[in-house]
Amino acid sequence: MSIPPILFGGALVTQESSRPSVRALVRNGQKTETAWRFELTEDAWFDLVECLRDDPAVLLGLWCDGKAVHAFFNEGGVPGGEVGLRPLMASLALEGPRYRGFSAIRRRAAPFERMIRDLWGIEAMDAADTRPLVDRGAWTVTAPLAERPVPASGMTDMPEFSTPDPLVAAQGMVFSRGPASGGTEGPVHFRLGVANGRVRTVETLTGFAHRGMEARMAGVSLADAAGLSGRIHVGATLAHQWAFSAAVEQAVGMTVAPMIGHIRAMLCEIERIYTHLTCLARTADAAGAEMLAARLYKARDILSRVCQAAIGRRLLLDCVAPGGVTLAIAGHEQLHEDVVLEGLRTLCEEIAVFGTGDFLDIQALWRATGVVTSALVGEGQVPRSLADALMLGGAVGRSCGRGADLRQSMEAYSGVRIRTPVAIEGDAAARCRIRFEDIAESLRMIAAFSAMFTAEDEAERASFFTPVQVPQERCEGYAAVEGPDGLICHVVILQAGQVERTFIAEPAGVLQSVQETALQGCSPSKFDAVRCSFGVSVAAVDL
């Protein structure tokens, strides 16, 4: 709340607001056994929400465990470049089924608030979006994770939608897509209001792919939780397992060898290429460029075959675990580190060949394919103001002029120069162009990593994998990784020799809301191509 000016001698003097910063307000809360987490009173939580109106602290995630609501911030701005990961968590003990929400001020909180309400029955007051996220009315109980779930009043197979736009109701048409239409959209239901040849409204129903990942990762062994973390998002398997593993290592005070970090980073760049190729192929296919899509899918397959030949894994699943990387473990056989390093060098060399051959040809073919250009240019624009409000990263954020990249401040990328591609158009064509430039940058970084994979002296060689012993006492850890679609963050709580709880911040939920807004105004015939340019994983939205 601003303080009114005071009149002195006929001159107006404006008082500066004495509102504390988010950092000061949170750190004035009750200290916990975790240095970066503080417990706030309800009054302090209300003040925290107001502070967010003009404070640079970035909300990374909002979660619930049934007893409290936890808000996870990064001090100083978006992680990346000179701003590293500086975590700050505020916890509010729940005294009822409601809490003051953030989404009216910080829009990126909306998917988290919707998930909390569906799973725990805890409602955010002043929420900007009150629609269900994963509860489609087919569950036998409401708020299934609550201490006392309430039996559902009645299951229904009919989805509920908002009231149609007046123009659409008067002279337009309503189309439904999915979740079983056989298209590329996956298990998601789109309701499109079309009038005057343009899509005026888009409403998205998700939840059909909900798997309860956070609940399944609670109260389980470290190995089980690590495996589940790789099943959150098929296009960011390694990034999620890296974030989870690094959070566990941070919680127990373990530091992995620099070589382990470089290997994880190199594999993460391969995954980035694979995910971008998949998104580009689906976009080309939706735009009617079948030959171009086939070339992109073939390139993706080449990448998988190269990985299979070099390191024995076609997909980069379960390559990273708390304590290191598992590339030295092939079935029941323990490979020598030098053998693994040789395989990694071979992998980098083969990918370099792909980068100087097939990739350049595909990039030239994309530029020469007019049907793709006509379908994407000027369509599905994301304004810079919206991108800033939602702190977008990945290809979507960079196509709007946002260049934040956590890799620039990660120790695993030390010694590798990073040039983050940025565009300003914000349309579907710019998103695809950024993906191509991102692939080129990843190829360059992989070549740089190759020179680091050299055999060390026996005395200096560190093991590729050291099992983590989970302590009996409670400890908490955090980590973030720059995934293909933006920042991925995990917060883990370890206790009694197992994973007590894992909090996951995945960019897919925020991207889904951006996609919903940006698709309004596009041509119905271009809807699928523009939608595919966002690369949203429906399963990652639903968790």
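Residues numbered from 1 in each chain as written. Predicted model: local features only at pLDDT ≥ 70, side-chain atom pairs only at ≥ 80, totals over all residues. Heavy atoms only, no water.

Before we move on, can you summarise a negative patch on the surface with the specific residues and values?
A contiguous patch of negative charge on the surface is contributed by Glu 42, Asp 43, Asp 47 and Glu 95. Here Glu 95 shows up in the loop between β7 (87-93) and β8 (98-100). Classification of Glu 95 as exposed rests on a relative accessible area of 76%. (Patch = residues over 30% accessible without salt bridge, like charges linked within 9 Å, V, L, I, M, F, W, Y side chains within 5 Å. Areas by Shrake-Rupley, 256 points an atom, 1.4 Å probe, with all protein chains shown as cover. Salt bridge = Lys/Arg side-chain N within 4 Å of Asp/Glu carboxyl O. Lys, Arg positive; Asp, Glu negative; His and termini not counted. Charge placed at Lys NZ, Arg CZ, Asp CG, Glu CD. Helix = DSSP H or I, 4+ residues; strand = E, 2+ residues; numbered from the N terminus. Buried < 20%, exposed > 50% of the residue type's maximum accessible area, 1.4 Å probe, protein only.)

Can you break down the sheet that holds strand β12 (residues 173-177) residue by residue, with the values?
Ordered in space as β12-β13-β14, the three strands form an open sheet in which the pairing is antiparallel. Whereas interior strands pair on both sides, the edge strands pair on one side only; in this sheet they are β12 and β14 (198-205). Ignoring which end each strand starts from, the neighbouring axes of this sheet average 20° apart. Note that strand β13 (residues 189-195) and β14 share seven bridges and pair antiparallel. For Arg 191, the partnering residue across the bridge sits in β14 and is Glu 203. Contacts from helix α16 (residues 508-518) reach β13 and β14 within the one sheet, and its direction differs from that of β14 by about 155°. (Pairing = 2+ DSSP bridges. Axes fitted to C-alpha atoms, helices over the stretch in contact; angles between N-to-C directions. Contact = heavy atoms within 4.5 Å.)

Quick rundown of unusual backbone geometry? Include the residues and the values.
At Ala 143, a residue that is not glycine, the phi angle is positive and equals roughly 50°. Tracing the chain through its elements places Ala 143 in the loop between β10 (141-142) and β11 (150-151). Positive phi outside glycine occurs at Leu 543, with the angle close to 50°. Following the sequence through the fold, Leu 543 ends up in the segment after α18 (538-542).

Before we move on, could you go through the packing of aromatic side chains and cite the residues and values that matter?
Taken as a whole and assessed by the stated rule, the structure comprises 14 aromatic pairs. Between Trp 36 and Phe 72 the ring centres are 6.0 Å apart and the planes differ by 70°, which places this aromatic pair in the edge-to-face class. Placement of the pair is Trp 36 in the loop between β3 (30-31) and β4 (37-40) and Phe 72 in strand β6 (residues 68-74), with a sequence separation of 36 residues. Looking at Trp 36, the relative accessible area reads 8%, which means it is buried. An aromatic cluster is defined as three or more aromatic residues linked by ring pairs; in this entry it consists of Trp 36, Trp 63, Phe 72, Phe 112, Tyr 478 and Phe 503. Lying across the ring of Phe 534, Arg 431 places its NZ or CZ 3.8 Å from the centre. (Phe/Tyr/Trp six-rings, centres within 6.5 Å; stacked < 30°, edge-to-face > 60°. Lys NZ or Arg CZ within 6 Å of the ring centre and 35° of its normal.)

I'd love a proper account of the sheet that holds β3, names of residues and values included.
Spatial ordering of the open sheet is given by β3-β4-β7-β6-β5, a layout of five strands whose pairing is mixed. Both edges of this open sheet fall to β3 and β5 (58-64), since each of them pairs with a single strand only. Pairing analysis gives six bridges linking β5 to β6, with the strands arranged antiparallel. Considered in β6, the bridge of Gly 61 is made with Phe 72. Packed onto the sheet, helix α2 (residues 42-51) meets β4, β5, β6 and β7 and runs at close to 135° relative to β7.

Kindly report on the environment of Arg 314, identifying the contributing residues and their values.
Secondary-structure assignment places Arg 314 in the loop between α9 (290-311) and β15 (320-321). A relative accessible area of 37% places Arg 314 in the partly exposed class. A sequence separation of 11 residues divides Arg 314 from Leu 303, and the C-alpha atoms of the two residues are 8.4 Å apart. Filtering out sequence-adjacent residues up to four positions away, Arg 314 remains in contact with Asp 301, Ser 304, Arg 305, Cys 307 and Gln 308.

Summarise the environment of Gly 80; cite the residues concerned and give the values.
Within the secondary structure, Gly 80 sits in the loop between β6 and β7. Given a relative accessible area of 12%, Gly 80 falls into the buried group. Along the chain, Gly 80 and Val 468 lie 388 residues apart, while their C-alpha atoms are 28 Å from each other. Ignoring any residue separated from it by four or fewer positions in sequence, one finds Gly 80 in contact with Asp 405, Leu 406, Gln 408 and Ser 409.

Give me the nonpolar core: which residues, what numbers.
Ranked by size, the top nonpolar core spans 166 residues in total, and within it Trp 45 and Phe 102 carry the most contacts. A per-element tally of this core places helix α8 (residues 258-286) first, with 13 residues. Each residue touching Phe 102, except ones within four places of it in the same chain, is listed here: Trp 45, Leu 48, Val 49, Leu 52, Leu 59, Leu 62, Ala 71, Phe 73, Ala 109 and Glu 113. (Core = buried A, V, L, I, M, F, W, Y, C linked by side-chain atoms within 4.5 Å.)

Pulling in residues and values, what's your account of the pattern of salt bridges?
Tallied over the entire structure, the rule returns 32 salt bridges. A salt bridge links Arg 433 to Glu 425; the shortest N-O distance between them is 2.9 Å. Take Arg 433: its relative accessible area is 34%, and that puts it in the partly exposed class. Taking relative accessible area as the criterion, Glu 425 reaches 38% and is therefore assigned partly exposed. Salt bridges sharing partners connect three or more residues here, namely Glu 269, Arg 272, Arg 398, Asp 405, Arg 407, Asp 438 and Glu 482.

Lay out the domain arrangement of the protein in plain terms, naming residues and giving numbers.
If you check the domain split of the protein, you get domain 1 (20-128), domain 2 (212-254 + 468-506) and domain 3 (255-464). Measuring from the centre of the C-alpha atoms in domain 2 to the corresponding centre in domain 3 gives 22 Å. Summed over both partners, the interface of domain 2 with domain 3 buries about 2100 Å², with 60% contributed by carbon and sulfur atoms. For the domain 2 face of the interface with domain 3, the top three residues by lost area are Leu 238, Trp 242 and Glu 482, together amounting to 37%. Residues Arg 264 and Glu 249 are paired through a salt bridge, measuring 2.7 Å at the closest nitrogen-oxygen approach. Mapped onto the side of domain 2 that touches domain 3, the elements with two or more residues apiece are α6 (222-229), α7 (237-252), β19 (475-483) and β20 (486-495). For the side of domain 2 that touches domain 3, the class distribution of residues is 14 nonpolar, nine polar and four charged. (Domains from an automatic or database assignment. Buried area = accessible area lost by both parts, 1.4 Å probe. Nonpolar A, V, L, I, M, F, W, Y, C, P; charged D, E, K, R; others polar.)

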